[in-house]
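Topology and contacts: notes
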Amino acid sequence: QKEVEQDPGPLSVPEGAIVSLNCTYSNSAFQYFMWYRQYSRKGPELLMYTYSSGNKEDGRFTAQVDKSSKYISLFIRDSQPSDSATYLCAMSAFGTSYGKLTFGQGTILTVHP
Amino acid sequence: NAGVMQNPRHLVRRRGQEARLRCSPMKGHSHVYWYRQLPEEGLKFMVYLQKENIIDESGMPKERFSAEFPKEGPSILRIQQVVRGDSAAYFCASSPQYGTGSYEQYFGPGTRLTVT
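Residues numbered from 1 in each chain as written. Chains lettered and ligands numbered in written order. Predicted model: local features only at pLDDT ≥ 70, side-chain atom pairs only at ≥ 80, totals over all residues. Heavy atoms only, no water.

**Regarding the overall build of chain A**
Rule in force here: Strands are runs of DSSP state E lasting at least two residues, helices are runs of H or I lasting at least four, and both sets are numbered from the N terminus onward. Burial classes: relative accessible area under 20% of the type maximum marks a residue as buried, over 50% as exposed, and values in between as partly exposed (1.4 Å probe, protein chains only). The criterion used for residue contact is that any of the two residues' heavy atoms lie within 4.5 Å. We get accessible surface area from the Shrake-Rupley algorithm with a probe of 1.4 Å; when it comes to residues, only the shown protein chains can shield them. Think of it this way: Lys and Arg go in the positive column, Asp and Glu in the negative one, and His and the chain ends go nowhere. Taken as the charge centre is NZ of Lys, CZ of Arg, CG of Asp or CD of Glu, depending on the residue.
Counting its regular elements, chain A contains 0 helices and 11 strands. Taken from the N to the C terminus, the helices and strands of chain A come in the order β-β-β-β-β-β-β-β-β-β-β. For chain A, buried positions account for 45% of its 113 residues. Sequence-distant contacts in chain A: of pairs separated by 6 or more residues, those separated by 24 or more amount to 55%. Carbon and sulfur atoms form 50% of the exposed surface of chain A, whose accessible area is close to 5200 Å². Once the 10 positive and 10 negative side-chain charges of chain A are each reduced to a mean point, those two points are 7 Å apart.

**Quick notes on the sheet that holds strand β8 (residues 71–76) of chain A**
All names here are of chain A. To keep things clear, this is the line we draw: Paired strands are those between which DSSP finds at least two bridges. Angles shown run from 0 to 180 degrees and are taken between the N-to-C directions of axes, each axis being a line fitted to C-alpha atoms and, for helices, limited to the stretch in contact.
With respect to topology, 5 strands assemble into an open sheet ordered β1-β3-β8-β7-β6, the strand pairing being antiparallel. The sheet is open, and its two borders are formed by β1 (4–6) and β6 (54–58), each paired with just one other strand. Taking each pair of neighbouring strands and ignoring which way they run, the sheet shows an average axis angle of 15°. Where strand β3 (residues 19–25) meets β8, 6 bridges bridge the pair, whose relative direction is antiparallel. When the bridges of β8 are listed, Thr24 appears paired with Tyr71.

**So, unusual backbone geometry**
All names here are of chain B. Residue Asn7 is joined to Pro8 through a cis peptide bond whose omega torsion reads -5°. Relative to the elements of secondary structure, Pro8 occurs in the loop between β1 (5–7) and β2 (10–13). Of note, Glu52 is a non-glycine position whose phi angle comes to about 65°, a positive value. Its place among the elements puts Glu52 in the loop between β5 (43–50) and β6 (53–56). On the basis of relative accessibility, which here comes to 58%, the residue Glu52 falls in the exposed class. Phi is positive for Gln81, close to 45°, though the residue is something other than glycine. Mapping Gln81 onto the fold places it in the loop between β8 (75–79) and β9 (88–95).

**Thoughts on the packing of aromatic side chains**
Residues and elements named next belong to chain A. What counts is decided by this rule: Stacked, edge-to-face and tilted labels apply to pairs of Phe, Tyr and Trp rings (six-membered ring for Trp) whose centres lie within 6.5 Å, assigned for plane angles under 30 degrees, over 60, and everything in between, in that order.
The tally for this structure, following the rule as stated, stands at 10 aromatic pairs over all chains. When the centroid spacing of 5.2 Å and the interplanar angle of 40° are considered together, the rings of Tyr32 and Tyr51 count as tilted. Remark: Tyr51 occurs in the loop between β5 (45–50) and β6 and Tyr32 occurs in strand β4 (residues 30–38); sequence separation between them is 19 residues. Assessed through its relative accessible area of 4%, Tyr32 is described here as buried.

**Let's talk about the nonpolar core**
Our working rule: We call a set of buried Ala, Val, Leu, Ile, Met, Phe, Trp, Tyr and Cys residues a nonpolar core when their side-chain atoms join them within 4.5 Å.
Membership of the largest hydrophobic core comes to 25 residues, with the highest contact counts inside it found for Trp35(A), Ile72(A), Leu74(A), Ile76(A), Tyr87(A) and Met91(A). It is strand β9 (residues 85–93) of chain A that provides the largest number of residues to this core, a total of 5 residues. If we skip the residues at most four places from it in the chain, Met91(A) touches Val4(A), Cys23(A), Tyr25(A), Phe30(A), Tyr32(A), Phe33(A), Met34(A), Ile72(A), Lys100(A), Leu101(A) and Thr102(A). Among the nonpolar cores identified, the runner-up in size contains 23 residues, and Cys23(B), Met26(B), Ala88(B) and Val115(B) belong to it.

What follows is the structure, given as structure tokens:
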């Protein structure tokens, strides 16, 4: 069983839709949660990071963490064609594993006009 | 503020040759991470380095792969005697501080290695 599971999609939505991207994890040691966006043949771009359970909002993006269920989500409001990319969740644990990010396999999102 | 820089962006090597990938972290960052992205797979952690120190190399293959981050100059990921299975995108990331800042990693554009 993978430590981090992410539905690879692909996910196709019309412009203006609300997008929900999700990851589940099995390792209770994960305490930090990140979302990255990766355009084709580019490096991942850090979108949001959070530590606490609950919601964190940044513009059109909301990250949600539920540690009791080992489940994290990223919501994109008013989606735009420029949001079309692969979205990666990533997680990190305390202690000596701080620097080691464990990624989901990524969800491919297409927002069509 | 320049981002993480990697070179070369594309590298072609024949089987058995050596590949050297370079990474310059963001200004002010002293921690470097290397990840590998194989086709149809997610990003996999390889190694975490500080200047002149390897902090965590738990993701590095046991043979042929090595990494360094010298006091001066870029971090180098070295792959000796490359095989076709080494063909992948190799990404470098850097972070601003140790401890809780290590999860705030910023990635470079990657080096795409092709082994023929």
